[in-house]
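# Chain and residue survey
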Amino acid sequence: MGVSAARVWGAIPRALATAVVAVPRAHRPIELSDRDATVRFVQRDTDALDAERVETSLGAALVTTAEQTVLDLARRPLLGHAEHEVPAAIANLYRRSDPERLEQLAGPQRLVSALRRAEIWAGKQP
C-alpha cells in the first residue's frame, strides 16, 4: 500500500528504504538485516482495501490498485518517508484512475477529504 504500491505501479521511480504493508492487526516495524531498510506495518481493514494480485521480482503480491493508492497517499503523505515524491505519484496514478471508482472507494473508507486533496495535487477541480 501507499508508497510501496506507488513504486510497484511505477509512480515513484526510485527505490525506497521503507516498505509499507497493510495488515489486519498491529505489528511492529521490521528492520532488514542485509540493508538499511524498514518494513512498516499499517493496521487496516484489509478486506475493505481495493487490491489486485501482481507479479513482482519477489513473487506474487497483493498490491492496492491505482485508485486505492491515490487515496492512501493523499491520506498519509508522510508515511514511508517519500513525501517529496508523493504529489507527483498521486498525479501520475490519478491520471490512470477511474474517477467513479475513486468516489466509490472514498465514501465507505471515509477518505473523501483525501480524495479532494488528491484532486488538487493532480490538478483537477473537485
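Here goes a summary of the coordinates provided.

What counts as what
- Residues numbered from 1 in each chain as written.
- Predicted model: local features only at pLDDT ≥ 70, side-chain atom pairs only at ≥ 80, totals over all residues.
- Heavy atoms only, no water.
- Buried < 20%, exposed > 50% of the residue type's maximum accessible area, 1.4 Å probe, protein only.
- Helix = DSSP H or I, 4+ residues; strand = E, 2+ residues; numbered from the N terminus.
- Arc of directions from axis to C-beta.
- Contact = heavy atoms within 4.5 Å.
- Axes fitted to C-alpha atoms, helices over the stretch in contact; angles between N-to-C directions.
- Parallel < 35°, antiparallel > 145°, perpendicular 65-115°, else oblique.
- Nonpolar A, V, L, I, M, F, W, Y, C, P; charged D, E, K, R; others polar.
- Core = buried A, V, L, I, M, F, W, Y, C linked by side-chain atoms within 4.5 Å.
- Pairing = 2+ DSSP bridges.
- Left-handed = near helix turned anticlockwise from the far one by under 90°.

## Looking at helix H5 (residues 112-121)
Among all positions of H5, only Ala114, Leu115, Ala118 and Glu119 are buried. Projection of H5 onto a plane perpendicular to its axis shows the buried side chains occupying an angular sector of 145°, all on one side. Exposed residues pointing more than 90 degrees away from the buried face of H5 are listed as Ser113 and Ile120. In the core, the buried residues of H5 are packed alongside helix H2 (66-75), helix H3 (86-96) and helix H4 (99-106). Phi for glycine 123, located one or two positions after H5, is positive at around 80°.

## Comments concerning the side chain of threonine 18
By the secondary structure assignment, threonine 18 is in strand S1 (residues 18-23). Accessibility expressed as a relative area gives 9% for threonine 18, which makes it buried. Filtering out sequence-adjacent residues up to four positions away, threonine 18 remains in contact with Val3, Ser4, Thr38, Arg40, Gly80 and His81.

## Some words on the packing of H3 against H5
Direction vectors running N to C along H3 and H5 enclose 95°, while the axes themselves pass 8 Å from each other. The angle between H3 and H5 falls in the class roughly perpendicular. Listed contacts from H5 to Val86, Pro87, Ile90, Ala91 and Tyr94 of H3 are Leu115, Ala118, Glu119 and Trp121. A class-by-class count of the residues in the contact of H3 with H5 yields eight nonpolar, no polar and one charged.

## What about the nonpolar core?
The nonpolar side chains of a soluble globular protein tend to be buried with one another. Core analysis: the largest hydrophobic core is formed by 27 residues, its most contacted members being Val3, Ala6, Val70, Leu71, Leu73, Ile90 and Leu93. Those elements that provide at least two residues to this core are helix H1 (2-8), H2, H3, H4 and H5. In this view, leucine 71 contacts Leu102, Leu105, Ala106, Leu111, Ala114 and Leu115; residues no more than four positions away in its chain are not counted.

## What about the pairing of strand S4 (residues 51-56)?
Looking at chain direction, S4 and strand S5 (residues 59-64) are connected through six bridges and run antiparallel. What sits directly across from glutamate 55, in S5, is alanine 60. Where S4 folds back onto S5 in an antiparallel hairpin, the turn is made up of two residues.

## Points about the packing of H4 against H5
The interhelical angle for the contact between H4 and H5, taken along N-to-C directions, is 150°, at an axis separation of 8 Å. Classed by the angle they form, the pair H4 and H5 counts as roughly antiparallel. Crossing hand, H4 versus H5: right-handed. Residues Leu102, Glu103 and Ala106 of H4 lie in contact with H5, whose contacting residues are Val112, Leu115, Arg116 and Glu119.

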